[in-house]
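Report on the structure
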Amino acid sequence: MADIEPQDPAPGHHTLAASGLSLGYDNRLVVDDLTVTIPTGKITVIVGANACGKSTLLRGLARLLSPRSGVVLLDGADIARRATKDVARVLGLLPQSPVAPDGITVTDLVGRGRYPHQGWFRQWTPQDDAAVADALDVTGILDLADRPVDELSGGQRQRVWIAMALAQRTDLLLLDEPTTFLDVTHQVEVLDLLADLNVDHGRTVVMVLHDLNLAARYADHLVAMKDGRIVAEGDAESVVTAEIVRDVFGLHAQVVPDPVSGTPLVVPIGRHLRRRIQTLV
Amino acid sequence: MTAVLTPAPASGPPTPVDRVRAARRGSRRRAAVVSWVLAALAVVLTVVTLTLGSFDVSLPDVVRILGGAEIQGATFVVWDLRLPRALTAIGAGAAFGLSGAIFQTLVRNPLASPDIIGITAGASAAAVVAITQLGLNPGLAAPVAFAGALGAAALIYVLAWRGAVSGYRLVLVGIGVGAVLNAVTSYSLTRAEVTDVSEALVWITGSLNSATWSGLPGLWVPLGVLVPALVVLTRSLGGLQLGDDAAAGLGVRVEPAKVGLIVVAVGLAAIATAAAGPVAFVAFVSGPIARRLTGGHGLALVPSALVGACVVLAADYAGAYAFGDTRLPVGVVTGILGAPVLLWLLARANRIGKGG
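Calculation notes
- Residues numbered from 1 in each chain as written.
- Chains lettered and ligands numbered in written order.
- Predicted model: local features only at pLDDT ≥ 70, side-chain atom pairs only at ≥ 80, totals over all residues.
- Heavy atoms only, no water.
- UniProt positions renumbered as here; feature names shortened; annotations may be inferred.
- Pairing = 2+ DSSP bridges.
- Helix = DSSP H or I, 4+ residues; strand = E, 2+ residues; numbered from the N terminus.
- Contact = heavy atoms within 4.5 Å.
- Axes fitted to C-alpha atoms, helices over the stretch in contact; angles between N-to-C directions.
- Parallel < 35°, antiparallel > 145°, perpendicular 65-115°, else oblique.
- Left-handed = near helix turned anticlockwise from the far one by under 90°.
- Buried < 20%, exposed > 50% of the residue type's maximum accessible area, 1.4 Å probe, protein only.
- Right-handed = clockwise from strand over helix to strand, strands pointing away.
- Buried area = accessible area lost by both parts, 1.4 Å probe.
- Salt bridge = Lys/Arg side-chain N within 4 Å of Asp/Glu carboxyl O.
- Polar contact = N/O pair within 3.5 Å; in protein donor to acceptor, adjacent residues only side chain to side chain.
- Nonpolar A, V, L, I, M, F, W, Y, C, P; charged D, E, K, R; others polar.
- 1 Å grid on protein atoms, 1.4 Å probe; cavity = no way out; pocket = protein on both sides within 12 Å on 5 of 7 lines; lining within 4 Å.
- Points joined across faces, edges and corners; volume = space filled by probe spheres on them.

An unreviewed UniProt entry annotates chain B as Iron complex transport system permease protein of Flavimobilis marinus. In its Sequence similarities (unreviewed entry) section, UniProt records this for chain B: "Belongs to the binding-protein-dependent transport system permease family. FecCD subfamily." UniProt's Subcellular location (unreviewed entry) comment on chain B is quoted here verbatim: "Cell membrane".

If you check an unreviewed UniProt entry, chain A appears there as Iron complex transport system ATP-binding protein from Flavimobilis marinus. Looking at the Subcellular location (unreviewed entry) heading of the UniProt record, one finds this comment for chain A: "Cell membrane".

If you want it as structure tokens, here you go:
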């Protein structure tokens, strides 16, 4: 991982922020005048109820949606004004449901991550081989190198996609619900992998997660969203509180310290249990 | 790890980079071998169509004729009849194959080929209306067919557009547009003079009977423009194959790339239809066959073009000589061969839950 892409002037120092950002589809405004700064070199997790605009915000940060108003700032400059291929060398994105072409092998798919580093006069090089090998190694799928992706399990497949994003060798890595469709073992495995990337390689990670407890455990910085706005932002202890959980998710819950990690643990109460507790009291 | 159990070779265990190189070599070699075998098959088929037929010409004579020699009787058959026919078959087949492969990859749906979604039907309808209703000289029908294909594509695009082009809507709208255009063709034929109908028939089935030297530039010159354009756009297509969001994340300029690829694919379908008529199912089967042969490495565009060329060459030859005294136009043969492939693809797509 030592060799640095020549196009990359300051690894580990790329910054991402949004200022007064409004995003929407057709006539619907989904993200409304939102301002956020992604802490560099940290793991940021965006949480919120369904349809609160968290995936839309992530797509906006990754320049997949052009803003209605406001700007996304990459290294302090408007991301929309930079060549999309230049951005792709700094900022990688794993969307919610990418498509693996029929029969493609793990190595070929991960190799697609080298797209922004190639061009007319720079086809496949030893540097590309090295980047793909590193990505396979780090994600622990080197043994699957020549296997077709459609034969793999869900957890393995998610590793392949993360490896593709890694082969892109970007400082910033944005992931939209990387743990969906995975059982709890593989969820933890994928999040551990992303934490390794952050700790060992100094990558800035931004992801959308559904599971509040996993979010609280892995996030350095939590962003809680509701109706296209940020309700609370900060470390897990300050964001995952009973009041904010009720406000953001409309869920009655008790928050206790996680017996393993000490991070906040949300214990939902739910209607049935609440009734039983009331009759007991 | 199993690596511990096997003794390491003298040079040490393979490094991760070695394993990546080996894996890439494996899939690239298969794609290369498939391409060379298909190219050889196309050459063999061409030689067969030039030498064997209702009038056999020996191979040395064919070589001499291609070199410019005049052989009584044989030169006319080989140079003026068979060679333009073979060159039209190769060009049209390759264009159909490429066009279908681009559409299917772009839309991520094997049903999205130009012969299913009404683009070749647009070419037929325009040519038939012009010949039977407007009294156009059939010799001038090719440019009209070309315009018809472009018009049908534009209509489908406009009707399927909702802020962006969704694959499923493109297929459904395309099938609807194709049905309307086929109805226009049928209506024009029922109201036409009998003599015009026989002239218009090529535009319904697809046939190489009218292939001549004078028609070749209309096919090969646009091919010479569209294929380099496709080469430029191929890398973007590789990104788009992973989904629009993943492509954008990789730095592909999604909408311009899509529009460029659609224009190239429509152009290829249009010139092929203008040259040989709407030869059924060639665009539709070439991509799936090529991708199956290459095992999914890359986009298989070169193999798709070669499969298209081989299918048209073989089907035209079979139509001429395999059915006794009846000479069937190429489109009838590909229709008979293509229908089972369509059914197989539909059944398979439903079984693995990928109807879309």
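It is worth spelling out the sheet that holds strand 4 (residues 69–74) of chain A at this point. Residue and element names in this part refer to chain A. Spatially, the four strands line up as an open sheet ordered 2-1-4-5, and their pairing is antiparallel. Either end of the sheet is taken by a strand with one partner, and the two such strands are strand 2 (28–38) and strand 5 (77–78). Pairing geometry for strand 4 and strand 5, over two bridges, is antiparallel. By the bridge assignment, L73 is partnered in strand 5 with D78. Seen against the sheet, helix 1 (residues 54–61) touches strand 1 (16–25), strand 2 and strand 4 and runs at an angle of roughly 120° to strand 1.

What follows deals with the packing of helix 3 (residues 74–107) of chain B against helix 9 (residues 216–240) of chain B. All names here are of chain B. For the pair helix 3 and helix 9, interaxial distance at closest approach is 11 Å and the crossing angle is 25°. Classed by the angle they form, the pair helix 3 and helix 9 counts as roughly parallel. Crossing of helix 3 against helix 9: the hand is left-handed. Within the contact between the two elements, helix 3 uses P84, L87, T88, I90, G91, A92, A95, L98, I102, T105 and L106 and helix 9 uses L216, L219, W220, L223, V227, L230, L237 and L240.

Turning to the pairing of strand 8 (residues 204–208) of chain A, a few remarks are in order. Residues and elements named next belong to chain A. Of all five residues in strand 8, five are buried; the element is thus mostly enclosed. Neither face of strand 8 is exposed, since T204, V206 and V208 on one face and V205 and M207 on the opposite face are all buried. Judged from the four bridges that link them, strand 3 (residues 43–48) and strand 8 form a sheet pairing that is parallel. Looking at the pairing, T44 lines up with V206 of strand 8. In this structure, strand 7 (residues 172–176) lies alongside strand 8, joined through five bridges in parallel fashion. Note on strand 8: the bridge partner recorded for D176 is V208. Where the polypeptide runs from strand 7 across helix 6 (residues 184–201) and back to strand 8, its parallel neighbour, the crossover connection is right-handed.

All right, on to the interface of chain B and chain A then. Contacts between chain B and chain A engage 32 residues on the former and 40 residues on the latter. Taken together, both faces of the contact between chain B and chain A bury some 3,000 Å²; the carbon and sulfur share is 57%. If you sort the residues of chain B by the area they bury against chain A, R235, L242 and L250 of chain B come out on top, with a joint share of 23%. Here chain B is connected to chain A by three salt bridges. Between R21 of chain B and D129 of chain A there is a salt bridge; the shortest N-O distance is 2.8 Å. At the junction of chain B and chain A, the tally comes to eleven residue pairs in polar contact (both at pLDDT 80 or more). At the level of elements, helix 1 (16–51), helix 9 and helix 10 (244–249) of chain B are the ones that each hand at least two residues to the side of chain B that touches chain A. At eight residues, the largest contribution of residues to the side of chain B that touches chain A is made by helix 1 of chain B. Here the side of chain B that touches chain A is composed, by residue class, of twelve nonpolar, eleven polar and nine charged.

This part is about empty space enclosed by the protein. Residues and elements named next belong to chain A. All told, the structure shown has two cavities of 30 Å³ or more when counted by the stated rule. Put simply, the largest cavity is a space of about 60 Å³. Elements that contribute at least two residues to the lining of the largest cavity include exactly strand 9 (221–226) and helix 9 (242–249). Looking at the lining of the largest cavity, the element that brings in the most residues is helix 9, giving four residues.

What follows covers unusual backbone geometry. Residues and elements named next belong to chain A. We note that A51 has phi near 65°; this positive angle belongs to a residue other than glycine. Tracing the sequence through the fold places A51 in the loop between strand 3 and helix 1. You can call A51 exposed: its relative accessible area is 78%. Although it is not a glycine, D227 adopts a positive phi angle of roughly 50°. For D227, the location among the structural elements is in the loop between strand 9 and strand 10 (229–234).

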